[in-house]
Amino acid sequence: MGAKQLWGLAAVAALCISAPVKAQETIKIAFIDPLSGGGASTGEAGLKTYQFLADQLNAKGGVLSRRIEIVSYDNKLNPQESLIQVQKAIDAGIRIITQGNGSGVAAAITDFVAKYNDRNPGKEVLYLNYAAVDPVLTNEKCNFWHFRFDANSDIKMEALTNYMKPRSNIKKVYLINQDYSFGHAVRSEARKMLSAKRPDIQIVGDEVHPLQKITDFAPYVAKIKASGADSIITGNWGQDIALLLKAAADAGLQVDWYTYYAGSVGGPTGVKQTGLNHRVFEISEGSANIPYAPAQEIEKALRAKYDIGLLYPRVVNEMRMLVTAIEQAKSTDPGKIALKLEDMKVTVFNGGEGFMRAADHQFFQPMYIKSFGELAANEPFDEEKTGWGWRVIAKVDTADTVLPTVCKMKRPST
Amino acid sequence: MLELVIISILNGVQFGMLLFLMASGLTLIFSMMGVLNFAHASFYMLGAFFGFQIARWLGFWPALLIAPALVGIIGALVERYGLRNVHRQGHVPELLFTFGLAYVIEEVVQMIWGKAPVDFRVPALLDFPAFTIFTTNYPAYKLLMLLTSAGIFLVLFIVLTRTRIGLVIQAALSHPHMVAHLGHNVPLVFMSVFGVGSALAAIAGVIAGPALVTQSNMAGLLGPILFVVVVVGGLGSLAGAFAASLLIGLVQTFAVSVNTSLADVFAFAHVTPSPGSILGDLWTVTLAQIAPILPYLLLVMVLILKPTGLWGTRET
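Once that is clear, we can look at the overall build of chain B. Along chain B, the regular secondary structure elements total 13 helices and two strands. Along the first, second and third principal axes, the C-alpha set of chain B runs to 70 × 50 × 40 Å. Scored against the burial criterion, the 316 residues of chain B give a buried share of 45%. Look at the contacts in chain B between residues 6 or more apart in sequence, and 76% of them connect residues 24 or more apart.

Rendered as C-alpha cells:
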C-alpha cells in the first residue's frame, strides 16, 4: 500500500469519525412559517433571509465553533398546524424556534411554549418572534420565553399617524385590513390615533376581509373608489397587499397608501404599474437605501445570492443578538440565552442603538417611514426590477418608539 | 354610486362566467355518472399550471389551446382507466376515488412547481386598460376572460341543444340503458364528456391563472364554491349551473360593497344588545364582512327549501 492510499484511508476514517459528531454539534433553529398558500411568498423570503445569514455565520466559523442550521417547517399559516410543527421541531431535538407571520399563530405558539417549558424543566424552548406584531404578545400575553424583534403594531401606527398629522391633503381615509387579531389591532388603533391627532379627517371606510384567501380584490377596490377616499391605511401583508395593490393598479386607483408592508413580494410591481410615484408609504425598521456601509454590504450580498431585497432587517438583528447571547452565555441552553437576550443593547442593521426591554421582551429600534418611487443617484437599490425603490422620508429615534407595557412577566424561579 | 354598481356588475358577471366554465363540466359529469367529481377543481388547477409552463415555452396563446387539450386527455384517461373500473363497485368508491385523485394531483403539482405561487403574468399584449367607466379602468385581460367564457357558453349551448351529439348526451343523461340499446357507445360518450368537462375546467384555469393567483392551493380555494354552484343551480341542469354561477358571482361581488349590518336593519326599533356580548358582535358585523360565507348560506337555504336546486328536476 502506497503512501497515497494510506492518506486516503486515513481521510476516509477521519470522515467516518468526525461526521456524526459534527452533525450533533450544529445549532439548529426551527423556522416555522407559511411555505404554501397565500402566505408562501412572505414565508419563502423569510426562509431565504435566515439561510443567507446562517451561511454567512458558518463561513466565519459558526458560533462557539459550531455550525448553525436552519430547519424549515410549513405551518400553512394555521395556528393548529403550527403547534404540530413546533412539536415536530422539539421532537427533532430543536430548542430554538423562530416564527413571524400571523399574530394568531404567534399567540398559539407563545402559549404552547410557555406550557411546554413549565412541564419540561431542563428542556425549555426559546421562541424568537420576528414579525408578529399584535401588541397583546408583549402585553397581556407576554411570556419569558418569547422575544419580539419587530416593533409592535401600536408603535408603527403611532409613527405613521404622526407623519400623517401635518399633511393637510389627507381628508378622507379608508381602512382595509385582514380579519384577525392583527388586522383588528391596526384598525382600532388607526381610528383612535387619527381622531386624537386629526379629528377633521373623515374615515370613509373600515373594511376587514378574510386572511390570505382573496384572489381578486377588484370588488374591494371598486368600493374604495366609490367612497371617495384620498388615502388608505392598511396592515395587509404578503399576498393580501400585493394583490390589493395589483387590483388598484388595474382599476387605476389614485390614492396615497399608508402601509405596514407594501414592500411584500409583488407589492412594488403593483405600485409601479399604477405610477404612484412616492405616494406609497411603509413603516419599517430599515431600508436598503440608507447610506450605511455595513448594511448595504449585506443587502448587496443577499441580492447577489437570492435576487431578493432584504425584507427583514430585523432578522439580521435577531441573528446578531442570538449569536451574541450564545457567545456570552457560552451555552445554547435556552434559559441561559434568554437571560442574556433580555436586556441586550446592540447596534442595529441600519446603524443606531436598539435595546431589548426586559419587562416585556419587546425590542426597540429606530423606525423609518419610507416612500416608494423614482430613485436619486445616491440610492442604488430598486425593488423587483421596477427601477423604483424606497426612500427614507422620516426617522423615529429609538427613544421615541418606547410605549408602556402592562406585561407582568412570570420568570423561571432559578 | 352608479360607477360602483356598473363596476360590480362587470366584476360579478366575469367571476360568475369563470365559475360557469367549471360548473358546466362538473354538472354534466354528475348527471351522467351520478358522481360528484371532487377532483374537478384540480383539473382547473392543472390547467393553470400547464398554461403557465407552456406560456413560458411557447407563449400565452398556444398555452390557451394546448393546456386544455392536455388536461382533457388526462381527464379522459382518468375516466377510462380509473373511474370506469371503480364504477362497478358503486357510487361510494367512485366518490372516494375522485376525492383521492384531488389529493394526488395537488401533491404532484407541489412536487413539480412547489408550494409558492408561480409568476404567471398577463400577456403583454393585453396588459392595458380596455375602457374607462367614469374614472375606473377595466383591464383588457378581464374583458378577454369575460368574452372567452361567454363564447364557450354559447358553443356548449349550441352543441347540446342543436346537434346530434348533444341529443345523444342529453338522452344518456337520463336514460343511459335505453341509449345503449339503441346502439350508441355509452362508455365512449361518458369518456368524452369527462374529457371535455376537464378541458373546460382547464380553460378556466389558463385564463384565471394570470388574473388570480396560480398556486397549489387554488383548487382548494375554488372547489367548495363550485359545489355550491352545482347544488344551487340544480344537479345536472346546465341552465341552472349558468344561472347559479352568475348569481353567486354577483352576490359575492355586491355583498363586498354593502356595509349594512343588523344594527342598521333594526335601527328603527331602537334595540341594541350590549357591545361585547356575542349578540353585540353579530349585531355590528356588516354584510361585506360575511361576503365570503354568503354562498354557503345560500347552499344551506336551498337544500332546506328546495332540495332539487333552483332549476333542477332531481333530488340532490
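Don't stop here, the text continues.
In this section: the overall build of chain A. What chain A contains, in helices and strands, is twelve helices and 15 strands. The globule rule puts the C-alpha radius of gyration for 414 residues at 22 Å, and the 22 Å found for chain A is close to it. Taken over the C-alpha atoms alone, chain A extends approximately 85 × 50 × 35 Å along its principal axes. Across the 414 residues that make up chain A, the buried fraction comes to 52%.

The biggest cluster of nonpolar side chains holds 122 residues, and the ones touching the most others in it are Val221(A) and Ile232(A). Dropping the residues within four chain positions of it, Ile232(A) is found in contact with Tyr174(A), Ile176(A), Ile224(A), Val255(A), Trp257(A) and Tyr258(A). Of all hydrophobic cores here, the second largest spans 81 residues; its members include Phe20(B), Ala23(B), Val213(B) and Leu299(B).

Let's shift gears to the interface of chain A and chain B. Counting residues at the interface gives 25 residues for chain A, matched by 26 residues for chain B. Listed by contribution, the elements that provide at least two residues to the side of chain A that touches chain B are helix 2 (40-59), strand 7 (202-209), helix 7 (218-227) and helix 8 (239-251) of chain A. Residue contributions to the side of chain A that touches chain B peak at seven residues, all from helix 7 of chain A. Looking at the side of chain A that touches chain B residue by residue, the class counts come to ten nonpolar, six polar and nine charged.

Here the focus is the pairing of strand 6 (residues 172-178) of chain A. Successive residues of a regular strand alternate their side chains across the two faces of the sheet. Residues and elements named next belong to chain A. Among the seven residues of strand 6, six are classified as buried, and the element is accordingly described as predominantly covered. Alignment of strand 6 against strand 7, held across seven bridges, turns out to be parallel. Residue pairing for strand 7: Gln178 is matched across the bridge by His209. Crossover strand 6 to strand 7 through helix 6 (residues 181-197) is right-handed. In this structure, strand 6 lies alongside strand 8 (residues 231-234), joined through three bridges in parallel fashion. Each bridged residue has a counterpart across the sheet, and for Tyr174 the counterpart in strand 8 is Ile232.

Residues and elements named next belong to chain A. Split into domains, chain A comes out as domain 1 (24-151 + 293-364) and domain 2 (154-284 + 368-399). Taking the mean C-alpha position of each, domain 1 and domain 2 sit 27 Å from one another. Listed as interface residues are 22 residues of domain 1 and, on the opposing side, 19 residues of domain 2. Taken together, the elements giving at least two residues each to the side of domain 1 that touches domain 2 come down to helix 2, helix 4 (103-119) and strand 12 (353-357). Counted by class, the side of domain 1 that touches domain 2 contains nine nonpolar, ten polar and three charged residues.

All names here are of chain A. Neither face of strand 9 (residues 256-259) is exposed, since Asp256 and Tyr258 on one face and Trp257 and Thr259 on the opposite face are all buried. Two elements, strand 8 and strand 9, share four bridges in a ladder whose sense is parallel. Among the inter-strand pairings, Ser231 is bridged to a residue of strand 9, identified as Asp256. For the crossover from strand 8 across helix 8 to strand 9, the handedness is right-handed. For strand 9 and strand 10 (residues 280-284), the ladder comprises three bridges, and the chain directions are parallel. Bridge pairing in strand 10 places Trp257 opposite Val280.

Attention shifts here to the packing of helix 2 (residues 40-58) of chain B against helix 4 (residues 91-113) of chain B. Residues and elements named next belong to chain B. Look at helix 2 against helix 4: their axes get within 10 Å of each other, and the N-to-C directions meet at 20°. Relative to helix 4, helix 2 is oriented roughly parallel. Crossing hand, helix 2 versus helix 4: left-handed. Contacts between helix 2 and helix 4 involve Ser42, Met45, Leu46 and Phe49 from the first element and Leu101, Ala102, Ile105, Glu106, Val109 and Trp113 from the second. For the contact of helix 2 with helix 4, the residue count by class is eight nonpolar, one polar and one charged.

In this section: the sheet that holds strand 9 of chain A. All names here are of chain A. With respect to topology, seven strands assemble into an open sheet ordered 7-6-8-9-10-14-15, the strand pairing being mixed. Every interior strand has two partners, whereas the edge strands, strand 7 and strand 15 (388-396), have only one. Taking the axes of each pair of neighbouring strands and ignoring which way they run, one obtains an average angle of 20° across the sheet. Against the sheet, helix 6 touches strand 6, strand 7 and strand 8, its axis set at about 160° to strand 6.

It is worth spelling out the domain arrangement of chain B at this point. All names here are of chain B. When cut into domains, chain B gives domain 1 (19-216) and domain 2 (225-316). Here the C-alpha centre of domain 2 lies 26 Å away from the C-alpha centre of domain 1. The interface is formed by 14 residues belonging to domain 1 together with 14 residues belonging to domain 2. Within the residue set of the side of domain 1 that touches domain 2, elements represented by two or more residues are helix 1 (2-33), helix 2 and helix 5 (140-162). Sort the elements by how many residues they give to the side of domain 1 that touches domain 2 and helix 1 lands first, with nine residues.

Attention now goes to unusual backbone geometry. Positive phi, normally seen in glycine, also occurs at Lys385(A), with a value near 55°. Among the structural elements, Lys385(A) can be located in the loop between strand 14 (367-374) and strand 15. Classification of Lys385(A) by C-beta neighbours within 10 Å gives exposed; the count is 10. Phi at Phe134(B) is positive, roughly 55°, even though this residue is not glycine. Counting through the fold element by element, Phe134(B) comes out in the loop between strand 1 (129-133) and strand 2 (136-139). You can call Phe134(B) exposed: it has 11 C-beta atoms within 10 Å.

On average, residues of chain A score 91 in pLDDT, and 94% of them are at 70 or above. The low-confidence segment residues 15-23 of chain A (pLDDT under 50) makes zero contacts with residues lying over four places distant or belonging to another chain.

This next bit is on the environment of Thr284(B). Residues and elements named next belong to chain B. Structurally, Thr284 can be placed in helix 12 (residues 278-284). In this structure the C-alpha to C-alpha distance between Thr284 and Asn259, which are 25 residues apart in sequence, comes to 9.8 Å. Look past the residues within four positions of Thr284 in its chain and what remains in contact with it is Ser261 and Ala263.

Moving on, we come to helix 12 (residues 334-341) of chain A. Residues and elements named next belong to chain A. Inspection of helix 12 places Pro334, Ile337, Ala338 and Leu341 among the buried residues, and these make up the whole buried set. One face of helix 12 carries all of its buried residues, which in axial projection span an arc of 100°. Looking at the buried residues of helix 12, the elements they touch are strand 3 (96-99), strand 4 (126-129), strand 5 (146-148), helix 11 (313-329) and strand 12.

This part takes up helix 7 of chain A. Most of helix 7 of chain A sits inside the fold, with ten of its ten residues counted as buried. For helix 7 of chain A, the complete set of buried residues consists of Ala218(A), Pro219(A), Tyr220(A), Val221(A), Ala222(A), Lys223(A), Ile224(A), Lys225(A), Ala226(A) and Ser227(A).

Quick look at the packing of helix 3 (residues 79-91) of chain A against helix 4 of chain A now. Residues and elements named next belong to chain A. Put simply, helix 3 and helix 4 touch, their axes get as near as 9 Å, and they point 40° apart. With respect to helix 4, the axis of helix 3 lies oblique. By crossing handedness, the relation of helix 3 to helix 4 is classed as right-handed. Along the contact surface, helix 3 presents Pro79, Ser82, Leu83 and Val86, while helix 4 presents Gly104, Val105, Ala108, Ile109 and Phe112. Among the residues forming the contact of helix 3 with helix 4, the class breakdown is seven nonpolar, two polar and no charged.

What counts, and where the lines are drawn
Residues numbered from 1 in each chain as written. Chains lettered and ligands numbered in written order. Predicted model: local features only at pLDDT ≥ 70, side-chain atom pairs only at ≥ 80, totals over all residues. Helix = DSSP H or I, 4+ residues; strand = E, 2+ residues; numbered from the N terminus. Buried ≥ 20, exposed ≤ 12 C-beta atoms within 10 Å, placed from the backbone. Contact = placed C-beta atoms within 7 Å. Rg over C-alpha atoms; globule rule 2.2 N^0.38 Å. Core = buried A, V, L, I, M, F, W, Y, C linked by C-beta atoms within 7 Å. Nonpolar A, V, L, I, M, F, W, Y, C, P; charged D, E, K, R; others polar. Pairing = 2+ DSSP bridges. Right-handed = clockwise from strand over helix to strand, strands pointing away. Domains from an automatic or database assignment. Axes fitted to C-alpha atoms, helices over the stretch in contact; angles between N-to-C directions. Parallel < 35°, antiparallel > 145°, perpendicular 65-115°, else oblique. Left-handed = near helix turned anticlockwise from the far one by under 90°. pLDDT = per-residue confidence, 0-100. Arc of directions from axis to C-beta.

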